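Architecture at a glance
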Amino acid sequence: MVQVFSRIDQFREHLKTVRNAGRSLGFVPTMGALHDGHISLVERCVAENDYTIVSIFVNPTQFNDKNDLKNYPRMPEKDLKMLESAGANAVFMPDESEIYPEPDNRVFDFGMLDKVMEGKFRPGHFNGVAQVVSKLFDIVEPHKAYFGQKDYQQLAIIREMVKQLGYKIEIVGCPIVREADGLAMSSRNLLLSPEHRKSAPLIYKTLQEARNKMDELSVKQMIDWVENQINADPNLKIEYFELVDTNTLLPVDSWNHSGGIIGCIAVWAGSIRLIDNLIFK
Ligand code: AMP
């Protein structure tokens, strides 16, 4: 049976007994409205740890758009059933007042990592992510924590935060889980209208086709090509496509770049913003 906690003090007491019994703790932070992408993280966590903790908390400080926060899907009952079947041991579902009894005024400095791509278009987003994840890490004190590569930039920032704050937590990055038509799974997919949902698989299809064109097009030409492909569908509007170094997240200007290259994309499908990425090199 999965045990559900909403109070920090009770949850900490409980985790103390688990830790004292010598069991390893794995942690999967989420905002709920769970899908198979989340569940893949939970299953990996169950396989690699003695005790699996999942948090469900729609963190207000990471939403730069208040409508996005208001409309974010919430379905705790269904989530709990899915977590129970996936073998999670404990679920932490705090209220906002529990996590933020007072406003969190901490400002993190991640150098360029949070200035580019999502950071540029969603000011304050990653600072809010760092606030909530650090609070959750302090409460749970896991041995390992699991994050999806779907949010590639977030994963890079969490790794940097762990380094800066000296957490002894192993961060595990997990592959993107997709729908049968290639669309990266996301809680926000539920909010797509039927016609936007139909158009959305073009995002991943375009990334794949782009990777096949690396011999034909320069980096600059590739960026234009991807933008044109996406915008050719009247239901989609590209916000950015960037080809960046897999570690620094800074734009590359040639395929001969010495490090890895990843293509990261953000697209508006109506009023819903979707992101995806693909390793190019
Ligand atoms: P969220 O609930 O959107 O905050 O996501 C919680 C965690 O699940 C994050 O580490 C995400 O990167 C991860 N995640 C979300 N969607 C996917 C997906 N399609 N495949 C793999 N991981 C995912």
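All of the points below concern the structure found in this document. Source: prediction; values computed, not measured.

Take helix H8 (residues 152-165) next. In a regular helix each residue adds 1.5 Å, so 14 residues correspond to 20 Å; H8 covers 20 Å between its end C-alpha atoms and thus fits that length. All of the buried residues in H8 are Tyr152, Gln153, Gln154, Leu155, Ala156, Ile157, Ile158, Met161 and Val162. Among the residues trailing H8, Gly166 stands out with phi positive, at a value near 70°.

Moving on, we get to the pairing of strand S2 (residues 25-30). Of all six residues in S2, six are buried; the element is thus mostly enclosed. Both faces of S2 are covered, namely the face carrying Leu25, Phe27 and Pro29 and the face carrying Gly26, Val28 and Thr30. Of the pairings in the sheet, the one linking S2 to strand S5 (residues 144-148) comprises two bridges and is parallel in character. Looking at S5, one finds that Gly26 is bridged to Lys144.

Oppositely charged side chains can pair when the atoms bearing their charge come close. Summed over the entire model, instances satisfying the criterion amount to 17 salt bridges. We note a salt bridge from Glu242 to Lys120, for which the minimum N-O separation is 3.6 Å. Placement of the pair is Glu242 in strand S7 (residues 236-245) and Lys120 in helix H6 (residues 118-121), with a sequence separation of 122 residues. Judged by its relative accessible area of 13%, Glu242 is buried. Via salt bridges that share partners, Arg44, Glu48 and Lys144 belong to a single interconnected network.

Attention now moves to the site of the ligand. As a matter of local geometry, the ligand sits amid 17 residues, with Met31, Gly148, Asp151, Val177 and Met185 nearest to it. At a separation of 2.9 Å, an oxygen atom of the ligand approaches a polar backbone atom of Met31. For the ligand, an oxygen atom lies 2.9 Å from a polar atom in the backbone of Gly148. Those elements that place two or more of their residues in the shell around the ligand are S2, helix H2 (36-48) and S5. If one sorts the elements of the shell around the ligand by residue count, H2 sits on top with three residues. Looking at the shell around the ligand, its residues break down into nine nonpolar, six polar and two charged.

Here helix H4 (residues 76-86) has its buried residues at Asp79, Met82, Leu83 and Ala86. Viewed end-on, H4 has its buried residues packed into an arc of 100°, placing them on one side of the element. For H4, the exposed residues set more than 90 degrees away from the buried face come down to Glu77, Lys81 and Ser85. Looking at the packing, one finds that the buried side of H4 touches H2, strand S3 (51-56) and strand S4 (90-92). Gly87, located one to two residues past H4, shows a positive phi value of around 95°.

Definitions and limits used
- Residues numbered from 1 in each chain as written.
- Predicted model: local features only at pLDDT ≥ 70, side-chain atom pairs only at ≥ 80, totals over all residues.
- Heavy atoms only, no water.
- Helix = DSSP H or I, 4+ residues; strand = E, 2+ residues; numbered from the N terminus.
- Expected span 1.5 Å × (residues − 1).
- Buried < 20%, exposed > 50% of the residue type's maximum accessible area, 1.4 Å probe, protein only.
- Pairing = 2+ DSSP bridges.
- Salt bridge = Lys/Arg side-chain N within 4 Å of Asp/Glu carboxyl O.
- Near = heavy atom within 4 Å.
- Polar contact = N/O pair within 3.5 Å; in protein donor to acceptor, adjacent residues only side chain to side chain.
- Nonpolar A, V, L, I, M, F, W, Y, C, P; charged D, E, K, R; others polar.
- Arc of directions from axis to C-beta.
- Contact = heavy atoms within 4.5 Å.

Worth remembering: the numbers are spatial, not functional.
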